[in-house]
Structures are given as structure tokens and as C-alpha cells.
Amino acid sequence: MKRRWVSLGLSLLGPVSALLISAILGAFVMLAIGKNPLQVYAVMISYNLGQLDSIGSIFYRATPLIFSGLAVAIGFKAGLFNIGVEGQYYLGAFFASWAGVYIKGLPAYIHLPLVILFGIAGGVIWAWLPIYLKVKRGAHEVITTIMMNSIASAVMLYFIHDVFMDQNQGTLGAPRVRMPPIQPTARMPTMLGFLHAIGIDMPNYVAINWFLVLAVLAAVAVYYVLWRTPFGYELRAVGQNPQAAEAAGINTKRIQYQAFLLSGAIAGLVGLSDLLTYFGYLDIDFPKGYGFSGIAVALLANNNPFGIILSSLLFGFLERGGLGIQALAGVPREVTTILEGVVILTVVTVTAIIGRQVRAYERHMAAIATAAEPPVDTRAPGGGQ
Amino acid sequence: MAKTPLLTLTGITKRFPGVVANRDITLSIERGEIHAIVGENGAGKSTLMRIIAGLYQPDEGQIVLDGRRIQMRGPRDAARLGIGMVHQHFMLIPRFTVAENIVLGEEHARGGVFSPREAQERIRRLAAQYQFELDPAELVENLSVGAQQRVELLKVLYRGASIIILDEPTAVLVPHEVEELFANLRSLRQAGKTIIFISHKLDEVLEIADRITVLRAGQVIGTVPASQATKEQLAEMMVGRPVLFHLEKPPVKLGGPPIGVLEARDLTVLGAHRREAVSGVSFVVRQGEILGVAGVEGNGQTELVEAIMGLRPVAKGKVILLGRDITGQPPSTIRNSGVAFIPEDRHRQGLVLPMSVWENAILGYHRASAYRRGIFYDLGRVKDRVRNLIRTYDVRTPDINGRVETLSGGNQQKLIVAKEMSSAPTAIVASQPTRGLDVGATEFVWQQLLQARAQGLAILLVSADLEEVLALSDRVIVMYRGRIVTEFVPGTLAATTIGEYMLGTRRDTPAAVGGENA
């Protein structure tokens, strides 16, 4: 039991020290633009934690990042670098939007799940080609998914602007480039009512919604699949040593195929929180970049599903805090982006360094515990130096 | 011989994060002797040698050379003081000639122009001085392993070394090359050079060394003159307890005549660059028998094993298990039909290092329904079984939830062997099963294989260690360039003759080999 706490502590050591170091590095950024870092951090914390709507907003911002981080992590665990989460969630959002607009006459309890399934399907379809090319022809998934991202954003623009553009937007001003509104039966409700019922009253503009719960459930499911099923076992074995996996009779290609499609399926969910709760329609300014943020989220969490929840919240915190320090401390928005970059860079380097130390420590402990006769004092039976 | 030692180490201690590699080592090397350092893996031999070669700096203690205390900050300092090291893995450029490799970094250039001819002449004289057989103009990529080693030796001699450290020099050589190396070392000794020879092969050490120092767990256990030492005594010093060298290998009694279990029929396998790595190999491994495959590494053994296990496509021919054609089946099918597999490289093929001990203990058998409740693993049950397994096979691990990479090499291999043996196989394919293991773990693996043999299993044993093949096998085939060049029963051929087969200078007519398997 004690050992378990020790190993948990060791696994948190990397991310926590990375955060501290990045806070220090961030302080230099603040100093460089002539701000007092302590003051800025104080504003960020009080703005973020001092009011309910900020907290709600952090959870809302974290929701897509959890899905995205999970999608990336599954790829990483199988030894695949899915940079294509970005494109996969565009497609997911488009599929979901189509089903939300054009499938009519269904009750909400069928329509909404169906729309979510369409989102998943969009992600899977967009993930299929890269992994097919990888398994059959050896094309590297990093290259192909980057290409697929470009294609996805072009395809989405084409569909929104040229095929499915909403023609009934009223007469006020120029029409927006967007698809028709999603029917109410396919909209995901916010959690405000539920929160009110348990005594938390958030302002009604906060878009925290039930996809948050879905995201947390997805994290739990991913954890169980990866660490408690033979499929997850094989997926991790393939990711960490494909040769040994193959020698053990595991069909490495099939596992990679399945893992990547699973990654794509979860990627398909990334955009739905924004689409089905906040916007209610798919437009040309639909939020971009969650797929790339997901890479950072997964890295910070070392691909641990529960860690992904925490690191998503952290990124949500930084984003929301960015608004706060912009408004209240006069720090430009770009600085927040720089801060996020600093976090990612320090995490990558610090976890690598700490990880090495931790492994050396573990080896040391193992050597001590397994030595038949302790390596010390074989010649001096009395003990002592 | 002068009575003051040439090199004296006093109280040398070297620590690494997590281990003390050398602890209070005191050792003296006489001028003009061949001094062997023996010890198991992890005993601290290599660390000690790297300290003498200036690659590591000791944390404590001092080194005295020729009566003068020295401190080295790198291999250049060591070279300046006349200390050179030949590493186990050669550091040569294949596309350069022998002479170019030797002078590299120390080229003589006249007016900024390097003359290959002059370098070759210089190296020719150097080689002749020590009676080394070597053509300075030859490309290194065309040389045998033994000749490459001579290049490495000349490299340190060229830099004026008077103390030469050799790290496990015989590990890569065939018997006849070992003899050549020893002849070279003797002529170096005659020329007044001092040689430090690291090994864990006791027979060789007893043959070549003047004095032998035994290390165990980072400490010096003792130094003995080779003329007064015995193998048993050295082994006991190394391991800390008596070691059995004589292997019990009684004939296996079966109910009826032994049936062929694992069979290769005219097997042809392609290797790298689609070149034929295995050409028309046929053999049968019968119940209760160990069939050894000897040969210099890289003569198709790896590809042969991979083809049998379904890890590499078969170009022609068949693999047959108990009369059933398993050619081209996926590895999972072959394993499930009862072929256990001990792969040649446990880090690459045998284990998933970052995964836990218990996860590695079920690798390959992880789909067993006994491990599951519904679709999920029953972790309690799995771990109980693994605990049983490691207790039965005496795998030393503090915690089965720890990463398998924290185990020592011997315990990692024990884990693999334990897992494979407990799967109730009918045949075992064991490739280099004791590579890099210490004496204790090697003994364990050998006993497990012999026990499996006694139970009537058919065992294919591939090993580059000829001693091992001869000690364990009932029959031995020798592979050279993808073909079986001979088959014999251990004890019927002299080691030098086997060496000739391994080097391809001798081969039986194909008919004689094929006849056995018809």
C-alpha cells in the first residue's frame, strides 16, 4: 500500500515540478513586458477562482480538451502519433451538424445520441485512411494526418459555404457563413439546472454542459480498457515494444488499426460540446486548435486518463485566466499563449529528466530488495563500514 | 621482472545513481603479465576497466603508474600514459582500409596531404613486429571478426600503448580465432606489453592468464596465480557458492520410440534485402531431445528461428509440428499449438521493458480466460498466479507491480523461461537462452532445458556459445551461410574441427547431411 503512494507521488513529481518551473519562466515573460508577475498571477487566481462563472467556464473549456487528450493518448499508448485529431473533430462536428439539422421528427432521447454517433463516425472515417495507409503501405501517420487536417478544413469550408449554407438567416446585415441551426431535439442541455438543484447557481451564459460528464466517463472507460482488458494490454505492449508483442503472438497491425480508429472515434466527440450546446450551428468560425492542444494535454498527463482530466482543467484555467489578466492586469492575450507554450516545453523536458531519475531510483530500490546477499560488506560480517 | 608493480589501484570506489559499481578495489598489475579480471555480469569488471582506461573517474582511491600517482580526465590522458583499451564492440569504419582505421585521428600528413601508401607501410611494419597476420590495404568490411579484433589491437599499439585492456575479447570469436588471439597476446607479452584481460569464461582465463583477479559485487574477492587455480575454485569465488559444471544428461526414457515433434523440411527463408538467409534446411527435433544449432552468428540462425515461430515469411519448404503443417501460420497459432519460445534478445523480443513484472509474466498468454472475469482482467487472480510462478522459479523481484526493466538480466530471463515452461508446451525453441547471463542464471536455464528434455519435450537450441550447445545437445547441426554443413553427436568431433565447419572451411557433402533427414 505504501509503495503505491510512493509510486503515485513519483508519477506526480514530473508534472508538478514542470508547472512550478514554467511559472517561474512565465514570470520572466511578465517581467519582459514590464508587468509584476506576482500581481499578474494573483489576478489570474482571484479572477479564476473568485467567481462561479469563471469556474463554470473552466470546466466548459476543459470539456473538448479531455476528449482530445484522450484521443491523442490512445494513439501514443499504441505507439502512434495522431496529429489528426484536429481534422477528425472537424469532420465529427460536420457529421453531427448534418444529422442535427437534416434528420427530423425524432424525439430528443433518440436524436441526440444519434447525432453523437454521427460525430463519432466522422472522426472514425477521417482516421481510417491514415491508419490504412500506415498498416498497408507503411506511410507515416504523422505526415498523413497533417495532410488530412488540411483537407478536413477545406472540406468543411466547402460544405458550409457551398453546399449546406443556411439560406434563411433573416435580412439583418450580411448573412453568416454557416449551416442551418441544429434542431432543439439534438441540442445538449447545459448543466445549469442540475447545478441549481444541488445548490450551485451559475449565471445562465455559462455553457458548462453534460458533455463534461461524458468526457469524464470516457476517461474512466479509457482507463479500464487500457489497463484492465486484454485489448488494452495488447495495445500498450504494441506501443512500447512492437517486436516483443509480435513475438508473443499479438497481431500488431490489427491492434494499431483498432487503436487508431478508437482514437478517431473519441476525436469525433471533441467539437460537440461547442456545437451542440454553445453555438447550435456549425459556422466558419467554429473553434479550431483543440486537436493540437490535446497533444499538450496528453503530454502533460503522461497519457494517463485521469491526468488528462486534470491537465485539461489546467489548460482551461490558463485560457480563462488569460481573459482575466487581459481585462484586469492589461496583459495581452498573446502572453497567455506564450505561457501555454512555456508549460508544454517545460513539461516535455522536465518529465524526461525526472523520469530518468525516477527510473534510476526504482532500479536502485529493486536492486536493494532483490539482492540475495546485500552487496555491502560481504567481507566484514559484523556489518558497519 | 621488476618487483614493483607497474600499475597499482588502491581503494578505488565508483558510484552510479543507485549502485556502487566498484567498492574499495585494491589491485596491482605486474609489468609484462597477462592479468585476467573475472566476475559475473554486474560484478564491476567493465567499470573498473573504464576507470583504468580513463573513461570514468573514480569517486575515491588512487591509481599509481610506474611509481607516480596519476589522474586521468579522459581516454586521451590514458593514451598519453600508454594505456589502451579494446572494447567488446568494435569501433571501426567498415568502408575504410585497415591502415586508415588504425591511423584515424593520428594521421601523419606531409604538407597537409595524407598518404595512404605511407600509412599502409607503417602499419605493415607494426603488424610484422608483433607477428599479426593482417593486410593493411584490405577494407575492414571484408575482414572476419577475428581480424577486425586484430585491427583494434593494432590501433592501441599504434598509439603507443604498453598496457592493453581487452573487454571480453573472446565473446565474439570461434574456437580457432580464440587460439589466434591467444597467440597474438603471447607475442605481445613477449614484447614486454602488459595485458589486462576481462572475461567470464574460466577455461580461457586459465589458459592465457598469469594471474587472475576475481570480482564479485564490486569488490575484489582475491587474486590467484593461474598455475595454482582451478575452474571450480574460481567459479566458487565468482558466485559465492560451489557451482556444478557437470551436467546430468541421462538418456530420456519414453513409452515408445521417440516421435518427431518439430520438423523443418527444405526450409528457405529470406533475410534482409530479400537475400536468402536460410537455404533448404531440413531437420527433425524428436521427443526428449535437444537439437543444438551451432554456428557463427549471422549465418541464418535468427531467420530460421523467426520462420519457425511465424515471425518471418517462409519462402519455400515447410515447418511441421506433430505432423501438422504450421508453415505461414501467425505466431499466435504456433504458440497456441504448443511451441514455447525463448527469443534471442530478451529486451527486444522477450519483454516489454516499461511494463510491469506481472504484465510481462503473462505476455503471450494474456488472452487466457483464466485471467479474466468477463472482459476485464481479474487482477487478484492474475497476480496470485504470477506470484506463484515467480516463487516456483525463484525470480527475484521486490514487487510484481514494478517495471520489469528494474530486474537484473538474470531475473528477466528467468521470468521469460518460467512463463514459457509453465505453459505446458510440446516443443521449445530457445535462441541464445543464456546470452549475457551470469553463472547462476545460466545454470538455472540449463537445468530448466534439461528438465524439459527429461519430460519428453522436443527442444531446438540455437546458440552462438559452442560450449553451451555441446554441453546440452543430443545432436548438433552447424549452420554456415544459411545451410546445414554438418551434423554430429557432441563428443565425436574435436573443437577445432567444429570450428572449421563454423567458419565454412569444411563441409560435408549435401547428401550426407540430407540423408539424416530423409
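Residues numbered from 1 in each chain as written. Chains lettered and ligands numbered in written order. Predicted model: local features only at pLDDT ≥ 70, side-chain atom pairs only at ≥ 80, totals over all residues.

1. Focus: the overall build of chain A
Secondary structure summary: chain A contains 15 helices and zero strands in total. Dimensions of chain A, computed from C-alpha atoms along their principal axes, come out at roughly 95 × 55 × 40 Å. A burial count over chain A gives 46% of its 385 residues as buried. Of all intrachain contacts in chain A linking residues separated by at least 6 positions in sequence, the fraction that spans at least 24 positions is 75%. (Helix = DSSP H or I, 4+ residues; strand = E, 2+ residues; numbered from the N terminus. Buried ≥ 20, exposed ≤ 12 C-beta atoms within 10 Å, placed from the backbone. Contact = placed C-beta atoms within 7 Å.)

2. A closer look at the overall build of chain B
The helix and strand tally for chain B stands at 18 helices and 24 strands. On C-alpha atoms alone, chain B measures out to a radius of gyration of 25 Å, which is about the 24 Å that the 2.2 N^0.38 rule sets for 518 residues. Along the longest, intermediate and shortest principal axes, the C-alpha atoms of chain B span 70 × 55 × 45 Å. Residues classed as buried in chain B amount to 47% of the 518 residues present. (Rg over C-alpha atoms; globule rule 2.2 N^0.38 Å.)

3. Section: the packing of helix α5 (residues 108–137) of chain A against helix α11 (residues 252–267) of chain A
Residues and elements named next belong to chain A. Between α5 and α11, the shortest axis-to-axis distance is 7 Å and the interhelical angle comes to 150°. Judged by the inter-axis angle, α5 sits roughly antiparallel to α11. Between α5 and α11 the crossing geometry is right-handed. For the pair α5 and α11, the contacting residues are Ile120, Gly123, Val124, Trp126, Ala127, Trp128, Ile131 and Val135 in the first and Lys253, Gln256, Tyr257, Phe260, Leu261, Ser263, Gly264, Ala265 and Ala267 in the second. Residues that form the contact of α5 with α11 fall into these classes: twelve nonpolar, four polar and one charged. (Axes fitted to C-alpha atoms, helices over the stretch in contact; angles between N-to-C directions. Parallel < 35°, antiparallel > 145°, perpendicular 65-115°, else oblique. Left-handed = near helix turned anticlockwise from the far one by under 90°. Nonpolar A, V, L, I, M, F, W, Y, C, P; charged D, E, K, R; others polar.)

4. Structural notes on the pairing of strand β23 (residues 475–480) of chain B
Residues and elements named next belong to chain B. For β23, the tally of buried residues reaches five of six residues, placing the bulk of the element in the interior. In terms of strand pairing, strand β15 (residues 289–294) meets β23 through four bridges, oriented parallel. Bridging from a neighbouring strand, Gly292 pairs with Val476 of β23. (Pairing = 2+ DSSP bridges.)

5. Looking at the interface of chain A and chain B
At the junction of the two partners, chain A supplies 32 residues and chain B supplies 41 residues. Elements supplying a minimum of two residues to the side of chain A that touches chain B: α8 (211–228), α9 (230–240), α10 (242–247) and α15 (333–370) of chain A. Per-element tally for the side of chain A that touches chain B: the top contributor is α15(A), with ten residues. Each residue belonging to the side of chain A that touches chain B can be placed in one class, and the counts come to 15 nonpolar, nine polar and eight charged.

6. Let's talk about the pairing of strand β1 (residues 7–16) of chain B
Residue and element names in this part refer to chain B. Across seven bridges, the pairing between β1 and strand β2 (residues 19–29) is antiparallel. Each bridged residue has a counterpart across the sheet, and for Thr8 the counterpart in β2 is Ser28. Taken together, the five bridges between β1 and strand β4 (residues 60–65) define a ladder with antiparallel strand orientation. Bridged to Leu9 within β4 is Ile63.

7. Points about the sheet that holds strand β22 (residues 458–462) of chain B
All names here are of chain B. Across the sheet, six strands lie side by side as β18-β21-β22-β15-β23-β24; this open sheet has mixed pairing. The open sheet has two edge strands with one neighbour each: β18 (339–342) and β24 (483–488). Strand-to-strand, the axes of this sheet are offset by a mean angle of 20°, without reference to chain direction. As paired elements, β18 and strand β21 (residues 427–431) share four bridges and run parallel to each other.

8. Observations concerning the domain arrangement of chain B
Residue and element names in this part refer to chain B. In terms of domains, chain B is made up of domain 1 (7–239) and domain 2 (260–357 + 386–517). Centre-to-centre, using C-alpha coordinates, domain 1 lies 33 Å away from domain 2. Opposite the nine residues of domain 1 that make contact, domain 2 presents 13 residues. Broken down by secondary-structure element, the contributors of at least two residues to the side of domain 1 that touches domain 2 are α6 (175–190) and α8 (231–239). Its residues assigned to classes, the side of domain 1 that touches domain 2 shows five nonpolar, three polar and one charged. (Domains from an automatic or database assignment.)

9. Some points on the sheet that holds strand β11 (residues 211–216) of chain B
Residue and element names in this part refer to chain B. Spatially, six strands are ordered β6-β9-β10-β3-β11-β12 in an open sheet, and the strand pairing comes out mixed. Only two strands of the sheet have a single neighbouring strand rather than two, namely β6 (83–86) and β12 (219–225). The sheet shows a mean angle of 20° between the axes of neighbouring strands, direction not considered. As judged from the five bridges shared by strand β3 (residues 34–38) and strand β10 (residues 194–199), these two strands associate in the parallel manner. The residue of β10 that forms the bridge with His35 is Ile196. The strands that helix α1 (residues 45–52) touches are β3, β6, β9 (163–167), β10 and β11; relative to β9, the one it contacts most, it runs at about 150°. Across the sheet, α6 is in contact with β3, β9 and β10; its angle to β10 comes to roughly 150°.

10. Quick notes on the nonpolar core
Counting residues in hydrophobic clusters, the biggest one holds 181 residues, and the most contacted among them are Leu70(A), Ile459(B), Leu461(B) and Val478(B). The biggest single contributor to this core is helix α3 (residues 52–77) of chain A, with twelve residues. Filtering out sequence-adjacent residues up to four positions away, Val478(B) remains in contact with Ala294(B), Gly295(B), Ile484(B), Val485(B), Thr486(B), Ile498(B), Tyr501(B) and Met502(B). Core analysis: the second largest hydrophobic core is formed by 69 residues, Ala53(B), Val86(B), Ile102(B) and Val205(B) among them. (Core = buried A, V, L, I, M, F, W, Y, C linked by C-beta atoms within 7 Å.)

11. A look at the confidence of the model for chain B
Residues and elements named next belong to chain B. Taken residue by residue, chain B gives an average pLDDT of 89. The fraction at 70 or more is 96%. Between the elements of chain B, mean pLDDT differs from a low of 45, seen in helix α18 (residues 510–517), to a high of 97, seen in β22. Taken together, the stretch residues 511–518 has pLDDT below 50 and engages in nine contacts with residues farther than four places along the chain or on a different chain. (pLDDT = per-residue confidence, 0-100.)

12. Focus: the packing of α5(A) against helix α6 (residues 141–163) of chain A
Residue and element names in this part refer to chain A. Running from N to C, α5 and α6 point in directions that differ by 150°, and their axes come no closer than 9 Å. Considered as vectors, α5 and α6 are oriented roughly antiparallel to each other. For α5 against α6, the interelement crossing comes out right-handed. Every residue of α6 that contacts α5 at Trp126, Leu129, Pro130, Ile131, Leu133 and Lys134 is listed here: Glu141, Thr144, Thr145, Met148 and Ala152. Looking at the contact of α5 with α6 residue by residue, the class counts come to seven nonpolar, two polar and two charged.

13. Digging into the environment of Gly300(B)
Residue and element names in this part refer to chain B. Its place among the elements puts Gly300 in the loop between β15 and α9 (301–308). As a C-alpha pair, Gly300 and Tyr480 span 180 residues in sequence and 7.6 Å in three-dimensional space. Filtering out sequence-adjacent residues up to four positions away, Gly300 remains in contact with Ala277, Val278, Met479 and Gly482.

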